[in-house]
Amino acid sequence: MKIFLIGFMGCGKSTMGKKLAVKLGYDFIDLDHQIEKNLGTTITAYFAENGEEAFRKLESETLKNFDYPSNAIIATGGGAPCFFDNMDWMNANGLSIYIEMSAAALAKRLESGKEKRPLLKDLSEAEMVRFIEDKLTERERFYKRAGVTVNGISLSADAMRAMILSRQ
Ligand code: S3P
């Protein structure tokens, strides 16, 4: 079974994905890392050179063409569900789980390490809160199409594991 973790940057997709994969005995795949591996450069560098549109195409191709193992937890980039038919594709090919978190909580978690994220790296603290609020509002209609929505703050890997097993 393929489990796609979706949600805004900083909501914990990779951290939770890794824990969950260990608990379930599934493989863990981080799509951003796969893209970077294929490119041989960072997403930040690729964005700067080629722009967001080129990145979104690459992201969608990677999502759809990756050679997934039969059981995998897949952490997707925060924007992935919001472009092309990526959300339909994930729902047709596995279970999508939205890790929901408020803009305020996300801003706090994203303050450190924002230089690794091309959409945030040039924003001041105040600009970042505003940006997250706006982007989250814009993206929520895509995220909410996930098969399951979970609360990112009170999330436990054990509860996630039980929920996934109950759906098999
Ligand atoms: C992005 C999120 C990033 C990465 C890229 C764009 C976004 O992934 O794909 O920087 O548009 O929200 P994470 O959600 O893993 O940070």
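Residues numbered from 1 in each chain as written. Predicted model: local features only at pLDDT ≥ 70, side-chain atom pairs only at ≥ 80, totals over all residues. Heavy atoms only, no water.

Under an unreviewed UniProt entry, the name given to the protein chain is Shikimate kinase, and the source organism is Pedobacter nyackensis. UniProt lists a comment for the protein chain under the heading Subcellular location (unreviewed entry), and it reads "Cytoplasm". Regarding the protein chain, the UniProt comment filed under Function (unreviewed entry) reads as follows: "Catalyzes the specific phosphorylation of the 3-hydroxyl group of shikimic acid using ATP as a cosubstrate." (UniProt positions renumbered as here; feature names shortened; annotations may be inferred.)

(A) Expanded view of the pattern of salt bridges. Counted according to the given criterion, the structure contains 10 salt bridges. Ionic pairing is found between Arg56 and Glu52, a salt bridge with its closest N-O pair at 2.9 Å. Taken together, the positions of Arg56 and Glu52, both in helix 3 (residues 43–65) and 4 residues apart, correspond to about one turn of that helix. Look at Arg56 and you get buried, because its relative accessible area is 4%. A relative accessible area of 31% places Glu52 in the partly exposed class. Of the charged contacts in the structure, one is a salt bridge between Glu138 and Lys135, with a shortest N-O distance of 3.5 Å. (Salt bridge = Lys/Arg side-chain N within 4 Å of Asp/Glu carboxyl O. Helix = DSSP H or I, 4+ residues; strand = E, 2+ residues; numbered from the N terminus. Buried < 20%, exposed > 50% of the residue type's maximum accessible area, 1.4 Å probe, protein only.)

(B) Inspection of the site of the ligand at higher detail. Of all residues adjacent to the ligand, which total 13 residues, the nearest are Lys13, Asp32, Arg56, Arg117 and Arg139. Contact distances for the ligand include 2.6 Å between an oxygen atom and a side-chain N or O atom of Arg56. Between the ligand and the protein, one listed contact pairs an oxygen atom with a side-chain N or O atom of Arg117 at 2.8 Å. The element best represented in the shell around the ligand is helix 3, accounting for 3 residues. Residues that form the shell around the ligand fall into these classes: 4 nonpolar, 3 polar and 6 charged. (Near = heavy atom within 4 Å. Polar contact = N/O pair within 3.5 Å; in protein donor to acceptor, adjacent residues only side chain to side chain. Nonpolar A, V, L, I, M, F, W, Y, C, P; charged D, E, K, R; others polar.)

(C) Summary view of the packing of aromatic side chains. Evaluation of the coordinates by the stated rule reveals 6 aromatic pairs. Ring plane angle 90° and centroid distance 6.0 Å describe the contact between Phe4 and Tyr68, whose orientation is recorded as edge-to-face. Taken together, the residues span a long stretch of sequence, with Phe4 in strand 1 (residues 2–6) and Tyr68 in the loop between helix 3 and strand 3 (72–75) at a distance of 64 residues. Tyr68 carries the same exposure label as Phe4, and that label is buried. On the basis of relative accessibility, which here comes to 12%, the residue Tyr68 falls in the buried class. (Phe/Tyr/Trp six-rings, centres within 6.5 Å; stacked < 30°, edge-to-face > 60°.)

(D) Region of the structure containing the pairing of strand 4 (residues 95–100). A large share of strand 4 lies buried, amounting to 5 of its 6 residues. In terms of strand pairing, strand 1 meets strand 4 through 4 bridges, oriented parallel. When the bridges of strand 4 are listed, Leu5 appears paired with Ile97. (Pairing = 2+ DSSP bridges.)

(E) The arrangement of the nonpolar core in detail. Ile97 and Ile132 are the most contacted members of the largest nonpolar core, which has 47 residues in total. At 6 residues, helix 6 (residues 125–143) tops the list of elements feeding residues into this core. Residue contacts for Ile132: discarding those within four places in its chain leaves Phe8, Ala103, Leu106, Ala107 and Leu110. Counting residues in each nonpolar core, the second largest holds 5 residues, with Ile35, Ile43, Tyr46 and Phe47 among its members. (Core = buried A, V, L, I, M, F, W, Y, C linked by side-chain atoms within 4.5 Å. Contact = heavy atoms within 4.5 Å.)

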